[in-house]
Amino acid sequence: MGVSRPFAGKYGLSSAPLFPPQNHSLLPQTLINRLLFRYAPFRLLTACRTVNTHPKNVRTTAETAALRSQQVPILYASIPVSLLGNALIALILAGIQSQVLAASALLIWLTVLGVALAFRWLLLLRYRKASQPEPDLWLRRFRLSMLATGVAWGLASILTFPVNTLPHQAFLAFAIAGLTAGANTTLSVDRQSLLAFTLPTLIGLITRLLTAGTTMHIAMAAMVMLYLLFTDMIARRTHAAIVENILLRHAGTLREQALRSSMERMKQAQQIAHLGSFEWDLRNNTLQWSDEHFRLWGLPPHSTTPSQALFLRGIHPDDTDKVAQTIGNARRSRQRYTLNHRVVWPDGSERYMQNRGEVVTDTVGNAVAIKGTVQDITERRQTEEDLRIAAIAFESLEGIVITDTQKLILKVNRAFTHITGYSSAEAIGNPLGALLKSSYHDSDFYRQLWQTLDNEGSWQGEIWSSRKNGEAFPAALNLTSVTAKDGVTSHYVATFFDITEQKKSAALIHNLAFYDPLTELPNRRQMQDKLQFALLAGLKHHQHGALLFIDLDKFKELNDTKGHHIGDLLLVEIAKRMKRCVGNDDTVSRQGGDEFVVILTHLSDDFDEATAQAEQVAEKIRDAINQPFNLQGQDHYSSTSIGISLFRHNEFSVDELLLRADTAMYQAKRCGRNTIRFFDPTTHAAMEVRIGLEADLRTALLNNEFSLYYQIQTLDSGYITGAEALLRWHHPEQGLIAPVKFIPLTEEIGLITEIGYWTLETACIQLKAWADNPATAHLQLSVNVSPRQFHQDQFVEKVSAIITNTGIDASKLKLELTESLVLDDMNDTIKKMNRLKKMGVQFSLDDFGTGYSSLSYLTQLPLDQLKIDKSFVHNLTLKNADNVIVQTIIGMAITLGLDVIAEGVETAEQAAFLKANYCYHYQGYLFGKPVPLAEFEAALADMPPIKQD
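Since the structure is predicted, the reported quantities are computational estimates derived from the model, not experimental observations.

What counts and what doesn't
Within each chain, residue numbers correspond to sequence positions counted from 1 in written order. In view of the model being predicted, local features appear only for residues whose pLDDT reaches at least 70, and side-chain atom pairs are presented and counted only at 80 or more, with totals across whole chains, interfaces and linings using the full set of residues. To obtain the side-chain values, all non-hydrogen atoms of the structure were included, while hydrogens and water were left out. Secondary structure elements follow DSSP: runs of H or I of four or more residues count as helices, runs of E of two or more count as strands, with numbering from the N terminus. For the exposure calls, accessible area comes from a 1.4 Å probe over protein chains only, and a residue counts as buried if that area is under 20% of its type's maximum, exposed if over 50%, partly exposed in between. Contacts are assigned to residue pairs with any non-hydrogen atoms lying within 4.5 Å of each other. Every accessible area reported is derived by Shrake-Rupley at a probe size of 1.4 Å, with residue values counting cover from the shown protein chains alone. Pairs of strands are assigned from DSSP output, requiring at least two bridges between the strands. For helices, the fitted axis covers only the stretch in contact; all axes are lines through C-alpha atoms, and the angles between them, taken along N-to-C directions, range from 0 to 180 degrees. Within a predicted model, pLDDT stands for the predictor's per-residue confidence, ranging from 0 to 100. Identification of polar contacts relies on pairs of N or O atoms within 3.5 Å, with a donor-acceptor requirement for protein atoms, meaning one able to donate a hydrogen and the other able to accept it, and with residues adjacent in sequence counted only if both atoms are side-chain atoms. A side-chain nitrogen of Lys or Arg and a carboxyl oxygen of Asp or Glu constitute a salt bridge if their distance falls within 4 Å. UniProt positions are given in the numbering used here, feature names are shortened, and annotations may be inferred rather than shown by experiment. Working rule for angles: under 35 degrees goes down as roughly parallel, over 145 as roughly antiparallel, 65 to 115 as roughly perpendicular, anything else as oblique. By convention the crossing between two helices is left-handed if the near helix lies anticlockwise of the far one by an angle smaller than a right angle, and right-handed if it lies clockwise. Residues are grouped as follows: nonpolar covers Ala, Val, Leu, Ile, Met, Phe, Trp, Tyr, Cys and Pro; charged covers Asp, Glu, Lys and Arg; every other residue, Gly included, is treated as polar. Like charges within 9 Å and nonpolar side chains (Val, Leu, Ile, Met, Phe, Trp, Tyr) within 5 Å are joined into patches, using only residues over 30% in relative accessible area that form no salt bridge. Counted as positive: Lys and Arg. Counted as negative: Asp and Glu. His and the chain ends are not counted at all. Positions of charges follow a simple convention, taking NZ of Lys, CZ of Arg, CG of Asp or CD of Glu. To define a nonpolar core, start from buried Ala, Val, Leu, Ile, Met, Phe, Trp, Tyr and Cys residues and group those joined through side-chain atoms within 4.5 Å. We call Phe, Tyr and Trp rings a pair once their centres come within 6.5 Å, taking the six-membered ring for Trp, and we label the pair stacked below 30 degrees between planes, edge-to-face above 60, and tilted otherwise. For a Lys NZ or an Arg CZ to count as sitting over a ring, it must be within 6 Å of the ring centre and within 35 degrees of the ring normal.

Engineer: Can you tell me about the overall build of the protein, naming the residues and giving the values?
Structural biologist: If you tally the helices and strands in the protein, you get 37 helices and 26 strands. Evaluated residue by residue, the protein yields a buried proportion of 48% over its 949 residues. Pairs at least 24 apart in sequence give 65% of the contacts found in the protein among residues at least 6 apart. Summing over all exposed atoms, the protein offers an accessible surface of approximately 46800 Å²; the carbon and sulfur share of this is 56%.

Written as structure tokens, this is what we have:
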């Protein structure tokens, strides 16, 4: 039964019956490989499927090796010139198209193309460095690089195609046509590489021209397509000639091998291997199958007449095109073919077949017949797959050794050689134990190992083994016995891998987890474990222990002035000295930064003696750290503050002990540094209160817990000139807290600046309210400014903003500065005071006389007022020295033309003395205490201002 004309014409088959009756013979295998490259329409497809449609060993045949060995060097040798040409054409194209296109589009395209070309250049470099390049692998990589380059050039037609400028469009088409013409020359040796480049390159151009829609553009697209067809025809012929030339050189050798087969051996092979044969007479289109061929198609022998339709009907639908193409190519190219495909039996089951065929020609070269065999390779294919997986597994990264029952090595893999250094020849025949034995294990270990293996059939664990060079290494070993069907052990298999790096990594992780990387001392985590152990040991032995919390004094200054590398050197040296000061059972650890903790154990069971012992060690550490350190050629001196907390009977937790020692250390800091202090419960309680206040202070402003109190400032005549605004904290639980308790704390923790601006803004808001009332419009308000707030870079700007936002008369605002503030940075102080002075702000020098008062800086500062400190006012009329000091301050103020006010005036005698010495401005309890705003304003109403003379 024949096939239709269209089908037969499509695949180069006639409509005559497929296989004529002829004698069975084993056909040469070379002929099909010649046919695969003669029929041009299917060369690309067969090239793609050569590996997939042939058995595993076809990938290493002489034909494939010869073809690849010629193709790959030619292709890679063309890369430099190709890259240069691509780059030049791209630059010229970009330069021309930049006249009409946006630079961004060109930049995008050039970037994409540049990446593709860079990929090809790197591929070339790697190919040149490869010692034994695999042709198939490097050919696939080359094709991929050409596809990437083709896509990049295809993008040129999209990104660099000018819309309305035909000359530039034509130039783009000309550039791409020239590029593909060059590709046809350099890539003809590999059809797939050529198509991978030219198709995406030209399809982009053709698509862009067609979408333009004009007659001219359609004509240009047609020309490009014609150009593609003509160049493809030339490339096909060139490719076919190159490939055929390579393959024909090996055809003779392969034919000689095929001719050695005889009819008798072929019959015997068919009986044993279930190998079917066929003959197809091309002259009369008759087909003959052997009995085995019928069985391979799932049919009883001679149950029907063989035909081309019967043959194709048995082929799996997905493989029909492949089979027809291969046979058609073989018929035209006169080459042998080998084809793997599936057959579907009538019951629906599938089998894998290997179809081999050869074209027989007459004396003038005309094809007269095709002879071939069909073999069921289903089981072989599965076996090969299993063997392939087993081979891959055997050549894994783990060392594998196979021994006989006497534990003599039969086979090793490459990983074994890589790990141990023994070659396969050196290992085979030797006892496994002799090669892997090391001095780390005694004979009992190995005897128990083999005994466990024999009794249980396996052994698994870590073992120290030896390399050929004698180096010992740790390995994870798994020994397994292999038994035959009768249960008798036939072999042993050992798998192992070197765990040296894992051991190193585990040690490194352990060090990072429990040791300080700089000083190599135990870190906080390990210290806590050791402290917990010391607590338990003290409970067991009824001995005291001590915890020393050590903090270096002024270490930050060293880091800031000399650099952190010098600070690190100091820490390392201090760690060494401290370790020399303690016993072997004691622990020196670093907590981080410049903090160390020392755990002393085995102290006396008597508390006083244990205290003396701990103090002795602490003094030893302090003296050691007080000695000079030579850091990179320079001597550096350091000191330390040490806090000590004793422990016994596990009465405190680890955290509690650390807190106690830390508290004692801070007490040592407050006592002037370079000192030793034992934990004091009273100090600890005060610190807990302080910590609680600090935490509450951080939310006090947000919770509106602050308010301003006002204390009257008056003249001797009773005329109220203003008030001083004083900050008060209304704690939600403790009530009103005195400023002396929280103001220093706000400075220490850095909240004084934020609170200071709140105070200033609140005072200005109050000034604005007073300004709207004629009875209070004359009042001035004094506000204290902290040094940290004043020396901020934006202090003047922030004060100015507050004055502007509240709309006050700046002359009513008086800022009180301390002597320490103005002397800290005289130049900065004077600049800021002058800027604020121009706005109208008044300045008063607070607590005058308590610092380094001198006329030299008083004459430089734009002050308005001196404020006599209350410590001098308190002893007026009682101590003559204070009388003289107050008289002197008043005299200085008068001489400098400054107003002078005395604070802390509490008695009429003090007021009288001040008035007698020409001080007429007062503030103190004699006139009024600091009170809330409502009380202050009520006092103003009860005591109307007296007009000044």
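That was the structure; now back to the text.
Engineer: A description of the sheet that holds strand β9 (residues 472-483) should follow, citing residues and the corresponding values.
Structural biologist: The antiparallel open sheet is built from 5 strands, whose spatial order is β7-β6-β10-β9-β8. Edge strands, defined here as strands with exactly one partner in the open sheet, are β7 (409-412) and β8 (458-466). For this sheet, the mean angle separating the axes of adjacent strands, direction not counted, is 25°. In this structure, β8 lies alongside β9, joined through 9 bridges in antiparallel fashion. The residue of β9 that forms the bridge with Ser 465 is Phe 473. Across the face of the sheet, helix α19 (residues 443-456) comes into contact with β8, β9 and β10 (489-498) while running at roughly 150° to β8.

Engineer: Now, about the confidence of the model for the protein: what can you tell me, with residues and values included?
Structural biologist: Chain-level statistics for the protein give a pLDDT mean of 82 and a share of 87% at 70 or above. For the stretch residues 1-59, pLDDT sits under 50, and the model shows 210 contacts to residues farther than four places along the chain or on other chains.

Engineer: Explain the pairing of strand β1 (residues 275-281) residue by residue, including any values.
Structural biologist: Working note: regular strand, side chains alternate between the two faces of the sheet. Summarising burial for β1: 7 of the 7 residues are buried, a large majority. Where burial is concerned, the two faces of β1 agree: the one with Leu 275, Ser 277, Glu 279 and Asp 281 and the one with Gly 276, Phe 278 and Trp 280 are both buried. Note: β1 against strand β5 (residues 367-376), 7 bridges, orientation antiparallel. From the neighbouring strand, Ser 277 faces β5, where its bridge partner is Thr 373. Judged from the 4 bridges that link them, β1 and strand β2 (residues 286-289) form a sheet pairing that is antiparallel. From the neighbouring strand, Asp 281 faces β2, where its bridge partner is Thr 286. Following β1, the chain reverses through 4 residues before pairing antiparallel with β2; Asn 285 in that reversal takes a positive phi of roughly 55°.

Engineer: Can you explain the side chain of Gln 354? Please cite residues and give values.
Structural biologist: In this structure, Gln 354 sits in strand β4 (residues 350-361). Residue Gln 354 is classed as buried on the basis of its relative accessible area, which comes to 1%. Among the polar contacts made by the side chain of Gln 354, one reaches the side chain of Asn 340 at a distance of 3.4 Å.

Engineer: An account of the pattern of salt bridges is requested, with residue identities and associated values reported.
Structural biologist: A complete count under the given rule lists 27 salt bridges for this structure. Arg 467 is the salt-bridge partner of Glu 471, the closest N and O atoms lying 3.3 Å from each other. With a closest N to O distance of 2.9 Å, Arg 835 and Glu 797 form a salt bridge. With Arg 835 in helix α32 (residues 826-839) and Glu 797 in helix α30 (residues 795-806), the pair connects residues that are 38 residues apart, well separated along the chain.

Engineer: Provide a residue-level description of the UniProt feature "coiled-coil region" (unreviewed entry) in the protein, including the pertinent values.
Structural biologist: Following the UniProt record, one finds the feature "coiled-coil region" (unreviewed entry) at residues 600-627. As a span, residues 600-627 carries 71% helix and 14% strand, and end to end its C-alpha atoms are 23 Å apart.

Engineer: Any details on the packing of α30 against α32? Residues and values, ideally.
Structural biologist: One can describe the packing of α30 onto α32 by two numbers: an axis separation of 10 Å at closest approach and a directional angle of 15°. Put simply, α30 runs roughly parallel to α32. Between α30 and α32 lies a crossing whose hand is right-handed. Listed contacts from α32 to Phe 795, Val 796, Glu 797, Val 799 and Ser 800 of α30 are Lys 832, Arg 835, Leu 836 and Met 839. For the contact of α30 with α32, the per-class residue count stands at 5 nonpolar, 1 polar and 3 charged.

Engineer: Please set out a negative patch on the surface residue by residue, giving values where relevant.
Structural biologist: A surface patch of negative charge is lined by Asp 605, Asp 606, Asp 608 and Glu 609. Here Asp 608 is to be found in helix α24 (residues 607-626). With relative accessibility at 57%, the residue Asp 608 sits in the exposed group.

Engineer: Outline the environment of Leu 658, supporting the account with residue identities and numerical values.
Structural biologist: Relative to the elements of secondary structure, Leu 658 occurs in helix α25 (residues 654-670). Measuring from C-alpha to C-alpha, the distance between Leu 658 and Leu 547 comes to 7.5 Å, with 111 residues separating the pair along the chain. Discounting residues that sit within four places of it in the chain, Leu 658 has contacts with Arg 524, Met 527, Gln 528, Leu 547, Phe 549 and Val 597.

Engineer: Could you give an account of the nonpolar core, naming the residues involved and the relevant values?
Structural biologist: Residues Phe 795, Leu 813, Leu 815, Leu 863, Ile 868, Leu 914 and Phe 936 are the most contacted members of the largest nonpolar core, which totals 75 residues. Per element, the largest residue contribution to this core is 7 residues, and it comes from helix α28 (residues 752-771). Beyond its immediate stretch of four places on either side in the chain, Ile 868 contacts Phe 848, Val 873, Val 886, Ile 889, Ile 890, Val 900, Ile 901, Ala 902 and Glu 903.

Engineer: Outline the packing of aromatic side chains, listing residues and values.
Structural biologist: Evaluation of the coordinates by the stated rule reveals 22 aromatic pairs. Centre to centre, the rings of Tyr 76 and Tyr 127 are 4.1 Å apart; their planes meet at 10°, and the pair counts as stacked. Linking Tyr 76 in helix α4 (residues 62-77) with Tyr 127 in helix α6 (residues 103-129), this pair joins segments that are 51 residues apart in sequence. The residues Tyr 76 and Tyr 127 share a single accessibility class, namely buried. Three or more aromatic residues joined by ring pairs form one cluster here, namely Tyr 76, Tyr 127, Trp 138 and Phe 142. Against the face of Phe 473 rests Arg 467, its NZ or CZ located 4.2 Å from the ring centre. Its guanidinium or amino end placed over the ring of Phe 790, Lys 832 lies 5.5 Å from that ring's centre, counting from NZ or CZ.

Engineer: Tell me about a nonpolar patch on the surface, residues and numbers included.
Structural biologist: A surface patch of nonpolar side chains, about 520 Å² in accessible area, is lined by Met 223, Leu 226, Leu 229, Phe 230 and Met 233. By the element assignment, Leu 226 lies in helix α10 (residues 215-259). The exposure class of Leu 226 is partly exposed, given its relative accessible area of 40%.

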